[in-house]
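Inside the fold
Spelled out from the first residue to the last, the chains are:
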Amino acid sequence: MKRICRILSARQLIPIIMYLLTALTSGFTEDALTQGKKLLLNNQPDKAVPLFYKAAAEGKSDPKINLYLGVCYISLGKYAEAEQQLLAGKSKDTAGAYLYSYNLGNVYFLQSRFTEAEEAYTAALAARRAYPPAVLNRANTYIKLEQYPQALEDYKFYLNLDPATSQRQAIQRMVSLLESEQREAEMIRMQEEARKLAEEAERKAAEDRYKKLQDEINANLQSVDNASSLSVGSDETLDYSEDYNLE
């Protein structure tokens, strides 16, 4: 009777045994970098930080160790340390430069350094134009800077990049508010322009009326004769043609 199952040779079993051993012992053989990533993903940055430093000390070549440390420090509210790590890593990881700029923007935004935050988000988008998180955060930064037209543009761009975002309704309300503000600002601008034009027209009209009055005064002055006698008061007039006798 033929066997239903074919027996594998020892040579064929070796790879499978090695795979099973690796799977069974993976929890014990994970290096510091892998453990640190898992802790960071599980929102345990305080436990992840020493593991990332350990990985760096062990000479791990992952260029994003500084990025991971920067993100950990942001979560821990240690913004000076986060900025230091992100700046250090940005120069070494050119392919992921946009991630460092983006997170630097977050560091600055959380410290109310909005001008620097806008510059960092813009740098991230210069490296990767369609990076939704940077677009959204820059829009929020423009609101803080009261640069509403730019914020409106970024919010619309973000909705195009991520139409299924869970924040869609909130962002659409913001877009509606900014569009209303834009219309109001345009109306105020037009009213102010009309007021200035009216004031200019009134000033010009006043100048024209004054000039016309001056011209009329000067014209009438020509018809007034100068007095030919010298008055000494009490209607007395000295006549220099009279002869005087001296005794």
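Everything below is about the structure printed above this text.
In this report, we go over the structure that sits alongside the text. (Residues numbered from 1 in each chain as written. Predicted model: local features only at pLDDT ≥ 70, side-chain atom pairs only at ≥ 80, totals over all residues. Heavy atoms only, no water.)

Structural notes on the overall build of the chain
The number of helices and strands found in the chain is ten helices and zero strands. Ordered by position in the sequence, the α and β elements of the chain form the string α-α-α-α-α-α-α-α-α-α. Expressed as a percentage of contacts within the chain between residues at least 6 apart in sequence, the contacts between residues at least 24 apart total 38%. Here the chain displays about 17900 Å² of accessible surface, and carbon together with sulfur accounts for 55% of that area. (Helix = DSSP H or I, 4+ residues; strand = E, 2+ residues; numbered from the N terminus. Contact = heavy atoms within 4.5 Å. Areas by Shrake-Rupley, 256 points an atom, 1.4 Å probe, with all protein chains shown as cover.)

Comments concerning the environment of Val-107
With respect to the secondary-structure elements, Val-107 resides in helix α6 (residues 97–110). Taking the relative accessible area as the measure of exposure, Val-107 reaches 0% and is therefore buried. Between the C-alpha atom of Val-107 and that of Tyr-73, which follows or precedes it by 34 residues, the distance is 9.5 Å. When residues no more than four places from it in sequence are discounted, the contact partners of Val-107 are Ile-74, Tyr-79, Ala-82, Glu-83 and Leu-86. (Buried < 20%, exposed > 50% of the residue type's maximum accessible area, 1.4 Å probe, protein only.)

Quick look at the nonpolar core
In terms of nonpolar packing, the biggest core is built from 44 residues, with Phe-52, Leu-86, Tyr-131, Tyr-155 and Ile-171 touching the most fellow members. Setting aside residues no more than four positions away along its own chain, Leu-86 makes contact with Leu-67, Gly-70, Ile-74, Tyr-100, Asn-103, Leu-104 and Val-107. (Core = buried A, V, L, I, M, F, W, Y, C linked by side-chain atoms within 4.5 Å.)

Things to note about the packing of helix α2 (residues 32–41) against helix α3 (residues 45–57)
At their nearest, the axes of α2 and α3 sit 8 Å apart, and the two run at 160° to each other. Of the possible angle classes, the one that applies to α2 and α3 is roughly antiparallel. At the point where α2 passes α3, the crossing takes the left-handed sense. Of the residues in α3, those in contact with Ala-32, Leu-33, Gln-35, Gly-36, Lys-37, Leu-39 and Leu-40 of α2 are Pro-45, Lys-47, Ala-48, Leu-51, Phe-52, Lys-54 and Ala-55. Looking at side-chain class alone, the contact of α2 with α3 contains nine nonpolar, two polar and three charged residues. (Axes fitted to C-alpha atoms, helices over the stretch in contact; angles between N-to-C directions. Parallel < 35°, antiparallel > 145°, perpendicular 65-115°, else oblique. Left-handed = near helix turned anticlockwise from the far one by under 90°. Nonpolar A, V, L, I, M, F, W, Y, C, P; charged D, E, K, R; others polar.)

Notes on unusual backbone geometry
Of note, the phi angle at Asn-43 is positive, near 60°, even though the residue is not glycine. Within the element layout of this structure, Asn-43 appears in the loop between α2 and α3. Residues other than glycine seldom take positive phi values, yet Glu-146 does so here, at roughly 60°. Structurally, Glu-146 is set in the loop between α8 (132–144) and α9 (148–161). By relative accessible area, which is 56% here, Glu-146 ends up exposed.

Topic: the side chain of Gln-85
When you line up the elements, Gln-85 lands in helix α5 (residues 79–90). Judged by its relative accessible area of 11%, Gln-85 falls in the buried class. Engagement of the side chain of Gln-85 in a polar contact is seen with the side chain of Tyr-53, the distance being 3.3 Å. With near-sequence residues (within four places) excluded, Gln-85 lies in contact with Tyr-53, Asn-66, Leu-69, Gly-70 and Tyr-73. (Polar contact = N/O pair within 3.5 Å; in protein donor to acceptor, adjacent residues only side chain to side chain.)

Focus on α2
Ala-32, Leu-33, Gly-36, Leu-39 and Leu-40 are the residues of α2 that are buried. All buried residues of α2 lie within an arc of 125° about the axis, which places them on one face of the element. Where α2 is buried, its residues meet α3 and α4 (65–75). Trailing α2 by a residue or two, Asn-43 shows a phi angle of about 60°, which is positive. (Arc of directions from axis to C-beta.)

Points about the side chain of Thr-165
Looking at where Thr-165 falls in the secondary structure, it is placed in the loop between α9 and α10 (168–221). Using a relative accessible area of 10% as the deciding quantity, one classes Thr-165 as buried. A polar atom in the side chain of Thr-165 sits 3.3 Å from the side chain of Tyr-158. Residues in contact with Thr-165, not counting those within four places in the same chain, are Tyr-158 and Leu-159.

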